[in-house]
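# Results of the structural survey
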Amino acid sequence: MIELASRPLAAIVAAIGAPGDGDEEGDALDELALLLSNLDIRVTGRVVQKRRTPDPASFLGKGKTVEIKEFANATGANLLVVDDALSPTQRSNLKKLTGLEVWDRAFTIMMIFERRANTSEAKLQVELARLRYEIPSLKGLGRQMSRLGGGIGTRGPGETEFERHRRKLERRVIFIEKNLRSVRKRRGEYRARRAREGARVVSLVGYTNSGKSTLLRSLSKDMDILAADKLFSTLDTVTRKIRLPRGGSFMLSDTVGFIRKLPPELVAAFRATLEEVTNADLLLLVVDASAPEPLANLEVVEETLSQVGAKDIPRIVVLNKIDRVREEAVFIAAGIASRGDDVARISALRREGLSELLELIDKKLCEIT
Ligand code: GDP
Ligand code: MG
């Protein structure tokens, strides 16, 4: 596992974008800066390189890396973060060229998950994701070491060392996978029991920070539920029973939020958690109406739902935080409704629109069962 020599404190963020494009990279870098601030890392500079495809060797291209190195020296940055996935080779080349610690977006998200993991299950899931992420780069290193190790037919001294280390990590992967399989089995049994008892399950899904936990708090009136202006503050599933105004009730689950380019290693590792979503009778897709691109965020949520096999579950789009953008929210809601989705406009924080939402949930649940 990569240990950081010194904790990075200041970063330069970088993205590539097609020439002549709009400022999508700008928004992406804003989000990357927000991700980093969740790790207490300051951003001292941003770099957008206009090129159609990444450089296979160093992602950004040599000229840009020289610039970044000088920029880093001038601003005291000790980390370069690229808003994309880097291959092990690109990562190690960028390190050499800039003299900086180098992360990609996936690694950054993983570091936040690592920081937020509280329960043993979440910790194991994060560790599994990180192992799966790190092992391929160890393979690359192993090959490099064996090349350094000497002529044809000789095994470099580095190779056995790396091989041993890699095998150790692979054994750990198998151990964690076995552990998580039993978690999934237990969860499955629990869900089956709930289904036999006739409890209907509604799951909150949405972009990170959209207000899922706040909504669960407001509907359940359980103030112990953690809602925070921190990304990925909820990594475990929290479920509460909610009563419907006209009688009856349902179980409402809150879980990990989604984000653009959620690393596939994390999606795979958090399968047990995400499976709660695939077994829901109804999904509430929570969208922050005050985000820069609410509809783009909704798209990300929809993509992630397809990835985990939950795209055909009945749903309600819940447009949240309307207290911040009252007028725009009306237009956004109309746009979403025109695609045939049921939409509720609410403020989870100020408890506005909640009874209408509960009515809509009641109606949908009646249609389903
Ligand atoms: P989650 O990541 O989706 O669970 O989001 P949280 O429920 O933790 O909320 C993220 C942030 O948004 C917190 O600071 C909340 O107080 C804030 N928030 C949630 N709902 C609303 C709302 O309706 N209006 C406003 N203004 N802020 C909200
Ligand atoms: Mg939350």
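Residues numbered from 1 in each chain as written. Chains lettered and ligands numbered in written order. Predicted model: local features only at pLDDT ≥ 70, side-chain atom pairs only at ≥ 80, totals over all residues. Heavy atoms only, no water.

The immediate surroundings of ligand 1 are formed by 17 residues, with Asn209, Gly211, Lys212, Thr214 and Asp323 found nearest. One of the backbone nitrogen or oxygen atoms of Gly211 is found 2.9 Å away from an oxygen atom of ligand 1. The separation between an oxygen atom of ligand 1 and a polar side-chain atom of Lys212 is 2.7 Å. Look at ligand 1: alone it shows 580 Å² of surface, and the protein chains cover 88% of it. Take the shell around ligand 1: its biggest share by element is 3 residues, from helix 7 (residues 212-220). Split by residue class, the shell around ligand 1 holds 4 nonpolar, 8 polar and 5 charged. (Near = heavy atom within 4 Å. Polar contact = N/O pair within 3.5 Å; in protein donor to acceptor, adjacent residues only side chain to side chain. Areas by Shrake-Rupley, 256 points an atom, 1.4 Å probe, with all protein chains shown as cover. Helix = DSSP H or I, 4+ residues; strand = E, 2+ residues; numbered from the N terminus. Nonpolar A, V, L, I, M, F, W, Y, C, P; charged D, E, K, R; others polar.)

Reading across from one edge, 6-7-5-8-9-10 is the order of the 6 strands in this open sheet, with mixed pairing throughout. Taken across any chain shown, the strands that pair with only one partner, and hence form the sheet edges, are strand 6 (238-243) and strand 10 (342-345). Sheet twist, expressed as the average angle between the axes of neighbouring strands with direction ignored, equals 25 degrees. Examined bridge by bridge, strand 8 (residues 282-288) and strand 9 (residues 315-320) share 6 bridges and lie parallel to one another. Across the sheet, Leu284 pairs through a bridge with Ile316, a residue of strand 9. The sheet contacts of helix 10 (residues 294-307) involve strand 5 (201-206), strand 8 and strand 9, and relative to strand 8 the element is tilted by about 150 degrees. (Pairing = 2+ DSSP bridges. Axes fitted to C-alpha atoms, helices over the stretch in contact; angles between N-to-C directions. Contact = heavy atoms within 4.5 Å.)

Here we take up helix 4 (residues 105-116). Think of an α-helix as 3.6 residues a turn; residues three or four steps apart then line up on the same face. Between its first and last C-alpha, helix 4 extends 17 Å over 12 residues, near the 16 Å set by a 1.5 Å rise per residue. Counting buried positions along helix 4 gives 10 out of 12 residues, so the element sits mostly inside the fold. Those residues of helix 4 not exposed but buried are Arg105, Ala106, Phe107, Thr108, Ile109, Met110, Met111, Ile112, Phe113 and Arg116. (Expected span 1.5 Å × (residues − 1). Buried < 20%, exposed > 50% of the residue type's maximum accessible area, 1.4 Å probe, protein only.)

To continue, consider the domain arrangement of the protein. Entries for the protein in the domain assignment read domain 1 (10-112), domain 2 (118-178) and domain 3 (199-368). Between the C-alpha centres of domain 1 and domain 3 the distance comes to 32 Å. Residue-level contacts link 13 residues of domain 1 with 12 residues of domain 3. Taken over both partners, the interface formed by domain 1 and domain 3 buries close to 1,100 Å², and the fraction arising from carbon and sulfur atoms is 62%. Between the two partners, domain 1 and domain 3, sit 4 salt bridges. In this structure, the salt-bridge partner of Lys261 is Asp83, at a minimum N-O distance of 3.8 Å. Split by residue class, the side of domain 1 that touches domain 3 holds 7 nonpolar, 1 polar and 5 charged. (Domains from an automatic or database assignment. Buried area = accessible area lost by both parts, 1.4 Å probe. Salt bridge = Lys/Arg side-chain N within 4 Å of Asp/Glu carboxyl O.)

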